[in-house]
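# Remarks on the overall topology
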Amino acid sequence: MLRACGAAAPASVPALVRARLARPASASAVASSSALEELAADRKGLARVVLKKGKTQIFRDGSPMVYSGAVDRIIGRPPPKTGDVVLVADGSEKPIGWGVYNSVSMFCVRLMQLEEEAKRDPASALNMERLLEERLCSAVDLRRSLGFPSTNTNAYRLINSEGDRLSGLIVDIFADVAVIASSAAWVEKYRQQIQSLVSKVSDVKHIKWRSSTDILKEEGLDMSEQKEPAPSSYSGTVKVMENGIVYLVSMEGQKTGFYADQRESRHFISTLSKDQRVLDLCCYSGGFALSAAKGGATNVTGIDSSGSALDLANENILLNKLDAERISFLKEDATAFMKGAISRNELWDLVILDPPKLAPRKKVLQSASGMYRSLNALAMQVVKPGGLLMTCSCSGAMTQSGLFLKTIQVFCVAHMDSWVLFTQT
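Residues numbered from 1 in each chain as written. Predicted model: local features only at pLDDT ≥ 70, side-chain atom pairs only at ≥ 80, totals over all residues. Heavy atoms only, no water.

### Digging into the sheet that holds strand 3 (residues 71–75)
Spatially, 2-6-5-4-1-3 is the arrangement adopted by the six strands of the open sheet, whose pairing is mixed. Two strands lie at the open edges of the sheet, namely strand 2 (65–67) and strand 3, each paired on one side alone. Neighbour to neighbour, the strand axes of the sheet diverge by 35 degrees on average, direction disregarded. Pairing geometry for strand 4 (residues 85–89) and strand 5 (residues 95–101), over five bridges, is antiparallel. The partner of Val86 across the bridge, within strand 5, is Gly99. The sheet contacts of helix 5 (residues 128–145) involve strand 4, strand 5 and strand 6 (107–114), and relative to strand 6 the element is tilted by about 65 degrees. (Pairing = 2+ DSSP bridges. Helix = DSSP H or I, 4+ residues; strand = E, 2+ residues; numbered from the N terminus. Axes fitted to C-alpha atoms, helices over the stretch in contact; angles between N-to-C directions. Contact = heavy atoms within 4.5 Å.)

### Thoughts on the side chain of Asn102
Structurally, the position occupied by Asn102 is in the loop between strand 5 and strand 6. Looking at Asn102, its side chain comes within polar contact range of the main-chain nitrogen of Val104, at 2.8 Å. At a separation of 3.1 Å, a polar atom in the side chain of Asn102 contacts the main-chain carbonyl oxygen of Glu219. (Polar contact = N/O pair within 3.5 Å; in protein donor to acceptor, adjacent residues only side chain to side chain.)

### Things to note about the sheet that holds strand 10 (residues 206–211)
Hydrogen bonds between backbone groups are what pair the strands of a sheet, and the pairing can be parallel or antiparallel. The sheet built from four strands is open, its strands ordered 7-8-9-10 with mixed pairing. Where the open sheet ends on each side, the last strands, each with one partner, are strand 7 (155–160) and strand 10. Strand-to-strand twist of the sheet, defined as the mean angle between neighbouring strand axes without regard to direction, takes the value 20 degrees.

Listed below in structure tokens is the structure:
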């Protein structure tokens with residue numbers, strides 16, 4: 001166990017959690033000198049990334065990504081290397097926070113702590129090892145307060161990148177397996193420490209490390225040259241429970257295919273499915289389809305092009321003792337299936353479209369936008385009038401650019417007789 005969690009005495013709660021609950025200190029209580037300046041005085045060679053005029057407030061407001069275009073100059077000799085801790089300063093060179101540097105990425109610095117936080121928690125300031133422990137403890141406490149894990153859900157997201165102030169790091173818990181996804185150079189640098197901390201979380205017995213090779217290449221890391229340490233060798237499948245539904249999750253390949261951040265969406269679909277005819281496109285191992293069946297759908301069809309994923313989906317039918325007459329899975333390309341359904345004038349009350357990441361990088365944003373447009377145009381045509389389409393995107397480049405919402409809005413106007421629910425994960 002990482003440490004005891006729950007409603008303990010204030011002293012047992014991590015400093016960052018106490019700081020979030022505490023009321024802001026009055027101006028008279030805040031020292032005029034910079035806490036980071038004082039701490040940096042003992043750190044020789046600590047570089048300072050100075051922001052351009054007018055670029056400071058967005059980071060004080062919480063944005064963790066310092067783009068290279070926001071940087072005016074870098075003070076430090078020798079210059080910082082990727083993975084180094086650096087100060088981030090305003091135009092007058094006064095520190096506003098600190099983070100980890102990358103000499104190659106468009107994200108020049110990923111902010112880890114602001115000046116005000118350093119004053120409240122100086123032990124974690126400029127100290128990645130201590131900060132990692134504090135942030136992980138805070139994440140564990142938060143999940144415990146939300147009831148995870150529980151008797152009916154032992155698959156959940158423990159660390160959600162920027163959501164838990166650890167940009168580039170995701171940790172999903174699947175029963176006793178922790179899957180750690182790395183998409184930042186600093187995460188790879190602190191790999192050993194992260195694995196050690198996660199291994200101490202209650203019930204975690206195995207760790208699977210997944211490096212996002214394409215994204216890390218843009219961070220300046222060629223993962224093909226990296227050796228895979230033994231702790232990441234866990235493979236096979238693991239049986240988990242989410243919202244009372246049992247799933248087999250594969251640990252093979254680069255992704256599990258079972259996204260813990262869609263838990264509430266799957267539960268929501270179950271509440272809408274009673275007496276409905278449901279189509280789950282790009283269903284993988286049947287997350288939404290099984291939820292719909294459990295929710296009382298009269299008929300559920302899942303479509304995916306992966307035979308191995310559908311093998312899991314069919315096993316999941318048996319594990320949950322569902323009626324095979326009411327739920328079935330077909331191995332077919334989603335586009336081809338929808339075109340065939342349109343030609344047969346076949347319609348569904350509820351359609352879920354959750355394709356894989358079509359835009360892993362900004363370079364392919366335009367082509368991916370076209371694919372999302374085509375898929376959603378077809379999906380709209382297989383929804384009954386008055387029915388519901390739930391469409392999803394896990395492509396950060398699409399959602400952050402606003403293109404996903406714009407694409408959906410076009411079809412919302414064209415199909416005013418149906419409802420559209422969209423999720424961005």
